[in-house]
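# Topology and contacts: notes
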Amino acid sequence: QPPFEAEFSEILLSKNELHETLNNLAPDTVGVLQVTRLDSAFIRKDPYGVVLIIVPWNYPINLLLAPLIGSIAAGNCAVIKPSEIAKNTERLLAEALPSYLDKDCFAVVTAGAQETTRLLENKFDYIFYTGSPSMGRMVMAAAAEHLTPLTLQLGGKNPCYVSDTSDVQNVARRVAWGRFFNAGQNPIAPDYVLCSVEMQEKLLPALREAITEFFGCNPQQSPDFGRIVGDEQFRRVQALLCSGRVAIGGQTDEKERYIAPTVLADVQPSDPIMQEEIFGPILPIVVVANMDEAIDFINARPQPLAIYAFSYDSKV
């Protein structure tokens, strides 16, 4: 990640999580019934016990600290499993956290996929997992063996509908920022755009202008544009460039794991890029006739994490 993105998405959000938690530690008071009006009542929240936190590689600090802060605030111990793909962050956290936290209550486990599977065989009292739906199913199945409650935050293909009554420049800047932040490795990024043919023709030059404004004429040299996390992830995202036609970008550099901010036009629902979450700096545009067709398109697919809609029309 570029320095600004890391500061914003990792450090600042973690600090905000901490301040919010510290400001809301008081027990909840509740009202009483008429027959017990002389009593006072409150809700006491008991800890679950030992929490397992499995952390992804795309935001390896924030997505570790946020559930850890909540776990500590609720009185739990925790076993923390950072992502082995973000190797430098994994090493940093494994070395640093024991210096600040009680080693009897908080343990950092460095492990790959096989070791994580064995880790999940143990009985925990709560599990936090952030990552892919396929791994999420494995985590949920392991939790079910012990009836362990859990929180899953999984990815998805987040649709972005742009109606014909939108401010094109405004849409382009917001979509470009959301799609290309962290080189697209973001679970709430706009995954694809739905719009009319007319809007696609207006949107393409506006997106090109926004990308140039954010990252310059050569994004590969920009200090504000990230890289794909690993070789395997790079090859997967690169293979998705065969869908539709490349309208903007499309350049790649395997040595740097660089994929340019890319926009694909005239993408078909059957194209490879529409079959999985992209998790990279590629934005496909799928043409629809109108809003109703866009709604039908979205409803025919699995529920995403987020949906974005742009329009001046409140009905949209």
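Residues numbered from 1 in each chain as written. Predicted model: local features only at pLDDT ≥ 70, side-chain atom pairs only at ≥ 80, totals over all residues. Heavy atoms only, no water.

### Looking at the side chain of Ser222
Here Ser222 shows up in the loop between α7 (197-215) and α8 (231-239). A polar contact of 3.0 Å, which involves the side chain of Ser222, links it to the backbone nitrogen of Asp224. Not counting residues up to four positions away in its chain, the partners in contact with Ser222 are Phe214 and Phe215. (Helix = DSSP H or I, 4+ residues; strand = E, 2+ residues; numbered from the N terminus. Polar contact = N/O pair within 3.5 Å; in protein donor to acceptor, adjacent residues only side chain to side chain. Contact = heavy atoms within 4.5 Å.)

### Let's talk about the packing of aromatic side chains
In the structure shown here, the tally under the stated rule is 11 aromatic pairs. Taking 6.1 Å as the distance between ring centres and 70° as the angle between the ring planes, the aromatic pair formed by Phe8 and Phe181 counts as edge-to-face. One end of the pair, Phe8, is in helix α1 (residues 3-22); the other, Phe181, is in the loop between α6 (168-180) and β9 (192-195), with 173 residues separating them in the sequence. The class of Phe8 is partly exposed, set by a relative accessible area of 33%. Owing to a relative accessible area of 6%, Phe181 belongs among the buried residues under this scheme. Taken together, Phe4, Phe8, Trp177 and Phe181 form an aromatic cluster joined through their ring pairs. Geometry around Phe297 places Arg301 over its ring, the cationic atom sitting 3.6 Å from the centre. (Phe/Tyr/Trp six-rings, centres within 6.5 Å; stacked < 30°, edge-to-face > 60°. Buried < 20%, exposed > 50% of the residue type's maximum accessible area, 1.4 Å probe, protein only. Lys NZ or Arg CZ within 6 Å of the ring centre and 35° of its normal.)

### Remarks on the UniProt feature "domain: Aldehyde dehydrogenase" (unreviewed entry) in the protein chain
UniProt records the feature "domain: Aldehyde dehydrogenase" (unreviewed entry) for residues 33-314 in the present numbering. As annotated, residues 33-314 has a helix share of 34% and a strand share of 20%, and its two end C-alpha atoms lie 43 Å apart. (UniProt positions renumbered as here; feature names shortened; annotations may be inferred.)

### A look at the state of the cysteines
Enumeration over the complete set of coordinates arrives at zero disulfides. Cys105 forms no disulfide, and the closest cysteine sulfur to it belongs to Cys77, at a distance of 4.1 Å. Residue class for Cys105 comes out partly exposed when judged on its relative accessible area of 27%. (Disulfide = S-S within 2.5 Å.)

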